[in-house]
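# Tertiary structure, described
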Amino acid sequence: MLIILGLMAMALEPALVYLLRPYLAYENGWDETTYLTYQGARAAAHHPVRFASGHVVTWLHELGVSGEIQNLVMDGLALLVGSALTFALVRRFAGPSAGLRAVWFGFIGLVLFNQSNPLLLGAFPNLRFEDTFWAVAWEGFHPFLRTPEPQLSLLWVALAVAALGRFRQPAILLLPVPLLYFPVAVGYGYVVGVFILWRGLERFGIGTAHPPVVRVLACNALVWLAGVSAFVAARLVVDFDEAGEFGLGALTHAPFLSVNLIWTIAAVGAALAAASPILDGTRRTRWIVAGVTVVLLQAFIALQQVLSGAAIHPTMLQSVVGTCGSAFALVLLLEAALLRATRPDARAAVAVGAAACSLWILVSHHSAQGLDLERGRYFIVINHDLPPEDLARLREASLTTIVPSPVLSGYVALMAPRALAPPFAHTYAYPWYLKACPEAVPALRAAAAYVEANRDDPRLTEWLPDLDRWMSDVLSVADTLSPEDLEGPPCTDVDPTREITIQPLDGDIFAWILR
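Residues numbered from 1 in each chain as written. Predicted model: local features only at pLDDT ≥ 70, side-chain atom pairs only at ≥ 80, totals over all residues. Heavy atoms only, no water.

Let us look at the overall build of the protein. A count of helices and strands for the protein gives 22 helices and seven strands. Taken against the 2.2 N^0.38 rule, which gives 24 Å for 515 residues, the C-alpha radius of gyration of the protein at 25 Å falls within 12% of a compact globule. By its C-alpha atoms, the protein is 80 × 55 × 45 Å across when sized along the principal axes. Sequence separation of at least 24 residues holds for 74% of the intrachain contacts in the protein that already meet a minimum separation of 6. (Helix = DSSP H or I, 4+ residues; strand = E, 2+ residues; numbered from the N terminus. Rg over C-alpha atoms; globule rule 2.2 N^0.38 Å. Contact = heavy atoms within 4.5 Å.)

Tallying each qualifying case throughout the model produces one disulfide. The partner cysteine of cysteine 437 in its disulfide is cysteine 491, sulfur to sulfur 1.9 Å. Residues cysteine 437 and cysteine 491 are joined by a disulfide whose S-S torsion is about -90 degrees; by sign, that bridge is left-handed. Taken together, the residues cysteine 437 in the loop between helix H19 (431-434) and helix H20 (440-453) and cysteine 491 in the loop between helix H22 (464-480) and strand S6 (501-502) connect sequence positions 54 residues apart. Per residue, the accessibility class of cysteine 437 equals that of cysteine 491, and both read buried. (Disulfide = S-S within 2.5 Å. Buried < 20%, exposed > 50% of the residue type's maximum accessible area, 1.4 Å probe, protein only.)

This part takes up the pairing of strand S4 (residues 377-384). Most of S4 is tucked away, with six of its eight residues classed as buried. In this antiparallel pair of consecutive strands, strand S3 (residues 371-372) and S4, the connection spans four residues, and glycine 376 shows a positive phi of 65 degrees. (Pairing = 2+ DSSP bridges.)

With that settled, consider helix H17 (residues 388-396). The set of residues buried in H17 consists of Asp390, Leu391 and Leu394. Taken end-on, H17 shows its buried residues confined to a sector of 100 degrees, consistent with a single buried face. Structural note: H17 exposes Pro388, Glu389 and Glu396 on the side pointing more than 90 degrees away from its buried face. Turning to H17, the residues buried within the fold contact strand S5 (401-402) and helix H18 (406-412). (Arc of directions from axis to C-beta.)

Once that is clear, we can look at helix H1 (residues 2-10). Turn by turn, an α-helix covers 3.6 residues, leaving residues three or four places apart pointing in a common direction. Within the span of H1, buried status applies to Gly6, Ala9 and Met10. Projection of H1 onto a plane perpendicular to its axis shows the buried side chains occupying an angular sector of 100 degrees, all on one side.

Here we come to the pattern of salt bridges. Applying the stated criterion to the full structure yields 12 salt bridges. Residue aspartate 390 pairs with arginine 393 through a salt bridge whose shortest N-O separation is 3.3 Å. With aspartate 390 and arginine 393 both in helix H17 and three residues apart, this pair spans about one turn of that helix. (Salt bridge = Lys/Arg side-chain N within 4 Å of Asp/Glu carboxyl O.)

Further remarks concern the packing of aromatic side chains. Applying the stated criterion across every chain, the model contains 12 aromatic pairs. When the ring of tyrosine 35 is compared with that of tryptophan 432, the centres are 5.8 Å apart and the planes differ by 5 degrees; the resulting orientation is stacked. Of this pair, tyrosine 35 sits in helix H3 (residues 32-35) while tryptophan 432 sits in helix H19, and the two are 397 residues apart along the sequence. For tyrosine 35, a relative accessible area of 16% gives the class buried. An aromatic cluster of three or more residues is present, and its members are Tyr35, Tyr428, Tyr430, Trp432 and Tyr433. Above the plane of the ring of tyrosine 35 lies arginine 50, whose end atom (NZ or CZ) is 3.6 Å from the centre. (Phe/Tyr/Trp six-rings, centres within 6.5 Å; stacked < 30°, edge-to-face > 60°. Lys NZ or Arg CZ within 6 Å of the ring centre and 35° of its normal.)

What follows covers unusual backbone geometry. Threonine 147 connects to proline 148 through a cis peptide bond whose omega is 0 degrees. Here proline 148 shows up in the loop between helix H7 (96-107) and helix H8 (151-167). Note that the residue after glutamate 149, namely proline 150, is joined by a cis bond; omega there is 15 degrees. Mapped onto the secondary structure, proline 150 falls in the loop between H7 and H8. One non-glycine residue, arginine 168, adopts positive backbone phi at about 60 degrees. Positionally, arginine 168 belongs in the loop between H8 and helix H9 (182-204).

Along the polypeptide, glycine 376 turns up in the loop between S3 and S4. On the basis of relative accessible area, glycine 376 is assigned to the partly exposed category, the value being 35%. Measuring from C-alpha to C-alpha, the distance between glycine 376 and glutamate 487 comes to 54 Å, with 111 residues separating the pair along the chain.

Right, let's get into the packing of H9 against helix H13 (residues 281-303). Helix packing for two helices is described by the angle between their axes and how far apart those axes are. Relative to each other, H9 and H13 sit at 145 degrees, their axes nearing to 11 Å. For the crossing formed where H9 meets H13, the hand is right-handed. Where H9 abuts H13, its residues Val186, Gly187, Tyr190, Val191, Val194 and Trp198 lie against Thr285, Val289, Thr293, Leu296, Leu297, Phe300 and Ile301. (Axes fitted to C-alpha atoms, helices over the stretch in contact; angles between N-to-C directions. Left-handed = near helix turned anticlockwise from the far one by under 90°.)

Turning to a nonpolar patch on the surface, a few remarks are in order. On the surface, a nonpolar cluster with roughly 510 Å² of combined accessible area is contributed by Met1, Leu2, Ile4, Leu5 and Met8. Inspection of the secondary structure puts leucine 2 in helix H1. A residue is classified by how much of its surface remains accessible, and leucine 2, at 35% relative accessible area, is partly exposed. (Patch = residues over 30% accessible without salt bridge, like charges linked within 9 Å, V, L, I, M, F, W, Y side chains within 5 Å. Areas by Shrake-Rupley, 256 points an atom, 1.4 Å probe, with all protein chains shown as cover.)

Written out as structure tokens, the structure is:
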């Protein structure tokens with residue numbers, strides 16, 4: 001029942017969107033209006049971090065599947081695959097009851113460790129935009145609701161784990177690594193590296209004279225060495241000047257401190273101290289291997305730059321890898337508490353603690369959707385309604401329609417297969433996005449000329465301050481592009497200089513759940 005309630009909370013926004021307006025475009029995560037659009041996907045297909053998802057999204061557009069449909073399907077698929085993968089892995093070692101608890105606390109409960117949790121919301125400075133030693137998860141939603149990544153990476157991981165179950169060859173787990181989104185590749189590669197090394201020690205009987213903690217520390221040390229070497233190598237290919245502009249990376253040896261690291265050390269330490277005395281040899285070894293590895297993984301994503309000198313996506317690593325590690329530590333702590341709770345009063349105390357944690361998971365999910373505990377209100381902004389005839393025109397001629405709203409401009413590019421973003425959409429501020437479809441540049445210039453010639457048009461007047469800023473931003477980017485940047489074939493057969501139209505806007509739709 002709790003799992004269903006959690007999934008329903010995450011489905012609330014798309015359900016209200018479906019009921020309250022005639023187009024399905026929405027953002028349950030972040031950047032859907034960039035990387036799920038045809039232009040964004042074409043550009044991402046040439047980027048080393050997103051090339052796999054870029055190709056997939058591009059192919060789906062060309063097959064006639066719009067970005068908004070891809071978003072809805074991937075959201076549902078990611079939640080089902082993530083839940084099934086968590087259940088299958090934990091059930092194998094601890095039984096079906098533990099598997100269900102892991103799905104709830106370890107997968108659905110990931111929101112406890114990012115900005116969805118009201119206790120963490122705004123509690124720490126944001127490393128992307130502030131000078132701080134804190135590296136915290138910046139997302140305010142379930143990390144696997146972000147489309148297309150890290151959702152597609154989760155699918156590749158699930159396929160690799162399924163193949164491992166079928167063929168029993170640990171090396172199979174390495175196959176998806178080149179396809180993975182960078183933060184997923186770091187966390188997954190670390191865990192798989194330790195797993196393969198540990199299996200190698202067991203298979204060849206290496207180090208059996210030493211206790212498990214020594215052997216697992218040796219495995220982690222080798223993975224640390226490989227990981228740090230990879231980050232050092234990344235210094236040769238990553239443009240840190242550009243990454244620094246967006247707060248995505250820096251050349252630094254400064255250590256970071258994360259809430260995920262602090263929590264994981266405390267939770268894993270308590271779990272191992274409580275469970276080790278009552279576990280048999282094999283189970284105790286598994287707990288030690290898992291606990292030590294998740295602690296050192298958290299330490300790696302917070303501290304590896306001390307050695308490598310390269311911090312890359314530190315907040316995103318916390319949002320994906322850090323939250324997963326913290327949720328795993330929570331599951332480990334709960335299982336240890338259940339093992340030690342032999343008396344009725346102790347079991348009652350564990351049940352009360354689990355119930356309180358479960359309640360806060362639900363609160364955090366609804367906080368991500370729009371629940372404001374401080375003001376005692378709950379609403380979701382559904383954005384603008386559109387008449388059917390306007391919607392049809394936007395889907396056909398988005399590139400030559402001025403939409404004086406950055407949010408709706410992003411949504412328009414999701415509404416139809418191969419639709420292009422309207423002029424002055426915020427995504428055109430990225431050069432790589434603007435040059436993905438070269439016909440966008442003359443369309444932007446034509447739209448800017450139209451605005452300048454019709455500044456007294458009442459449909460534009462109230463939006464002029466924003467339009468002037470958006471025009472300045474995207475035209476300055478267009479001016480940086482060379483003729484060679486625009487030599488590629490057009491993405492559509494739409495004439496970018498056709499008659500410009502303006503999309504009139506009504507107010508946003510607010511779905512109030514609590515006032």
